[in-house]
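# Working through the structure, step by step
Next come the chains, spelled out residue by residue.
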Amino acid sequence: MAARIRAGWDPHPTRLTLDRVDRRQWRDAQLLWDYQQLGHALRPCSAAIVLGSHDLGVATAAAGLYRAGLFPVLVFSGGNSPGTAARFPRGEAVHYREHALGLGVPSEVIVLETKAGNTGQNITFSREALRTAGVQVETAMLVSLPYMERRAYATCRKVWPEIDIVCASARMSFGDYVQGIGDAKLVIDTMVGDLQRVIEYPKRGFAIEQDVPDHVHVAYERLVRSGFDSRLLDPSQ
């Protein structure tokens, strides 16, 4: 597995990164990447909840964690969203399941949740799906995009506070992730939007409060001013 790069300019940037993101912006984005990963120690859990997104790498990570014996059952959660409908026309959870089956995950350990349209619904609907399947949950592993760990944790602590939570994602550097997606601007836009939700959602009752260090907040504001803003919340909502 690739080692994580904790600071500074990535030694192997893609050409797209060089064309569209300068060194200061890259360092700021690295700060957001590091902050949003929690570094939880992996341990066996009652079940996993795999949060749907645009990236099949989340399903790949979940399959690897299952094969490592970290949970006996997993929920693939996610319906259609404006950002993923074209890529996953049958819904995020359905495509995740198909991908995991191809990686050797048995169908009988997969629970499918196909209605969720946001992170709160991912957790709430997966909780109900697990209850219906007769799975008693004391600990849950949340498997998400690498830069979504903190928001997933804060959301789950709000909507399902009774359980212990372990957050997990693909272990890779920021540079490797950008290279895999192929669009640095899109990745940074999405990370900026995710951090905005970490900051704003507790005020709306969607998540618990998270401490955002000053240097991370400054980096976030610089990126917004630099135009990495396509995934920000609609100010009219």
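This text gives an overview of the structure that appears in the document. On a predicted model such as this, the values are computed, not experimentally measured, just so you know.

### Some points on the packing of helix 2 (residues 23-36) against helix 7 (residues 174-181)
Across the interface, helix 2 lies against helix 7 with an axial gap of 10 Å and an inter-helix angle of 100 degrees. In terms of axis orientation, helix 2 runs roughly perpendicular to helix 7. Residues Trp26, Ala29, Gln30 and Trp33 of helix 2 pack against Phe174, Gly175, Tyr177 and Val178 of helix 7. When grouped by side-chain class, the residues that make up the contact of helix 2 with helix 7 number six nonpolar, two polar and no charged.

### Remarks on helix 2
Between its first and last C-alpha atoms helix 2 spans 20 Å; for 14 residues at 1.5 Å apiece the expected length is 20 Å, and the two agree. Taken across its 14 residues, helix 2 has ten buried, putting it largely inside the fold. Between the side-chain oxygen of the N-cap and the backbone nitrogen of Arg24 there are 3.1 Å, and the N-cap of helix 2 in question is Asp22.

### Some words on the environment of Arg24
By the secondary structure assignment, Arg24 is in helix 2. Looking at Arg24, the relative accessible area reads 36%, which means it is partly exposed. Here the alpha-carbon distance between Arg24 and Ile165, two residues 141 residues apart in the chain, equals 34 Å.

### A short note on helix 7
Among the residues of helix 7, those classed as buried are Phe174, Gly175, Tyr177 and Val178. One face of helix 7 carries all of its buried residues, which in axial projection span an arc of 160 degrees.

### Overview of the sheet that holds strand 2 (residues 74-77)
If you trace the five strands from one edge of the open sheet to the other, you get 3-2-1-4-5, paired in parallel fashion. In this open sheet, the two strands that pair with only one neighbour each are strand 3 (110-113) and strand 5 (164-168). Averaged over neighbouring strand pairs, the angle between their axes works out to 25 degrees when direction is ignored. Sheet topology places strand 2 next to strand 3; four bridges connect them, and they run parallel. Following the sheet pairing, Ser77 is matched in strand 3 by Glu113.

### What about the packing of aromatic side chains?
A complete count under the given rule lists nine aromatic pairs for this structure. Ring geometry for Tyr201 against Phe206: centres 5.1 Å apart, planes inclined by 80 degrees, an arrangement best described as edge-to-face. The exposure class of Phe206 is partly exposed, given its relative accessible area of 42%. Joined through ring pairs, the aromatic side chains of Trp26, Trp33, Tyr147, Phe174 and Tyr177 make up one cluster.

### Topic: the packing of helix 2 against helix 9 (residues 214-225)
Interhelical geometry of helix 2 versus helix 9 gives an angle of 130 degrees and a closest axis separation of 9 Å. Relative to helix 9, helix 2 is oriented oblique. At the point where helix 2 passes helix 9, the crossing takes the left-handed sense. Contacts between helix 2 and helix 9 involve Arg24, Gln25, Asp28, Ala29, Leu31, Leu32 and Tyr35 from the first element and His215, Val216, Ala219, Tyr220, Arg222 and Leu223 from the second. Across the contact of helix 2 with helix 9, the residue classes break down as eight nonpolar, two polar and three charged.

What counts and what doesn't
- Residues numbered from 1 in each chain as written.
- Predicted model: local features only at pLDDT ≥ 70, side-chain atom pairs only at ≥ 80, totals over all residues.
- Heavy atoms only, no water.
- Axes fitted to C-alpha atoms, helices over the stretch in contact; angles between N-to-C directions.
- Helix = DSSP H or I, 4+ residues; strand = E, 2+ residues; numbered from the N terminus.
- Parallel < 35°, antiparallel > 145°, perpendicular 65-115°, else oblique.
- Contact = heavy atoms within 4.5 Å.
- Nonpolar A, V, L, I, M, F, W, Y, C, P; charged D, E, K, R; others polar.
- Expected span 1.5 Å × (residues − 1).
- Buried < 20%, exposed > 50% of the residue type's maximum accessible area, 1.4 Å probe, protein only.
- Polar contact = N/O pair within 3.5 Å; in protein donor to acceptor, adjacent residues only side chain to side chain.
- Arc of directions from axis to C-beta.
- Pairing = 2+ DSSP bridges.
- Phe/Tyr/Trp six-rings, centres within 6.5 Å; stacked < 30°, edge-to-face > 60°.
- Left-handed = near helix turned anticlockwise from the far one by under 90°.

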